[in-house]
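Structure at a glance
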Amino acid sequence: MKNARVDLSADRADLYEPLMRSASPSCEGEAAVRLVFRVEALWDWLLRWQCIKHVPTDRYDYLQVDFAKALELARTVEGDPQNARAQLDRSARSALMVAANLAGAEQSSLRNVLYYLEEADMRHVAEAMMFSAGFVDGTVDLWGGEGEDDSRGFGPNSREQQERWEEI
């Protein structure tokens, strides 16, 4: 392996590999790091507030998420529009809490954060939870294969449920 150097100002896609180098070998640790990267608003916020550490080594560079610093910033008192918490929306903050739980940096109930997740972030959280539970190739389809604009239903498998009701 050649000595790969990392530049934090590089394209987002170029930062995935060095970030994954820092993931712990457990499913939970890897799921946490993947979740942080996949929620774009959270990733951008972590970069802006310097919660992504660049760690150079002789062999290769890697990036590491400083969950302790991120949690501290996410819990700062609101009111000042320039503070870190004000610049992180509730959905991304909830994704951060889930990732921190998976990484072992936090111990809080999922019930407290799931309500604030937006649909796109919920997909990433669900996939992270599945990955951490050992479903390594699991993906989540919130609409059960149905289109989001399907006016007949209210979520996964609603079309199939409606068809079953019509058969009765």
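Just above sits the structure.
For the structure given in this document, a descriptive report is provided here.

**Digging into the pattern of salt bridges**
As enumerated under the stated definition, the model contains three salt bridges in all. In this structure, the salt-bridge partner of aspartate 66 is lysine 53, at a minimum N-O distance of 3.5 Å. Here the residue aspartate 66 occupies a position in the loop between β2 (62-65) and α4 (67-74), and lysine 53 occupies one in strand β1 (residues 52-55), the gap between them amounting to 13 residues. Residue classification places lysine 53 among the partly exposed positions, given a relative accessible area of 40%. For glutamate 106, the salt bridge goes to arginine 75, with nearest N and O atoms at 2.6 Å. With a gap of 31 residues between them, glutamate 106 in the loop between α5 (90-103) and α6 (111-114) and arginine 75 in the loop between α4 and α5 connect regions that are remote in the sequence. The exposure class of glutamate 106 is buried, given its relative accessible area of 14%.

**Quick word on the packing of aromatic side chains**
A complete count under the given rule lists one aromatic pair for this structure. Centroid distance phenylalanine 37 to tryptophan 43: 5.1 Å. Interplanar angle 65°. Geometry classified as edge-to-face. Each member of the pair, phenylalanine 37 as well as tryptophan 43, carries the same accessibility label: buried.

**A closer look at unusual backbone geometry**
At glutamine 50, a position not held by glycine, the phi torsion is positive, near 55°. Structurally, the position occupied by glutamine 50 is in the loop between α3 (40-48) and β1. Residue classification places glutamine 50 among the exposed residues on the basis of a relative accessible area of 59%.

**Some remarks on the pairing of β1**
Judged from the four bridges that link them, β1 and β2 form a sheet pairing that is antiparallel. Counted as the bridge partner of isoleucine 52 is valine 65 from β2.

Rules and cut-offs
Residues numbered from 1 in each chain as written. Predicted model: local features only at pLDDT ≥ 70, side-chain atom pairs only at ≥ 80, totals over all residues. Heavy atoms only, no water. Salt bridge = Lys/Arg side-chain N within 4 Å of Asp/Glu carboxyl O. Helix = DSSP H or I, 4+ residues; strand = E, 2+ residues; numbered from the N terminus. Buried < 20%, exposed > 50% of the residue type's maximum accessible area, 1.4 Å probe, protein only. Phe/Tyr/Trp six-rings, centres within 6.5 Å; stacked < 30°, edge-to-face > 60°. Pairing = 2+ DSSP bridges.

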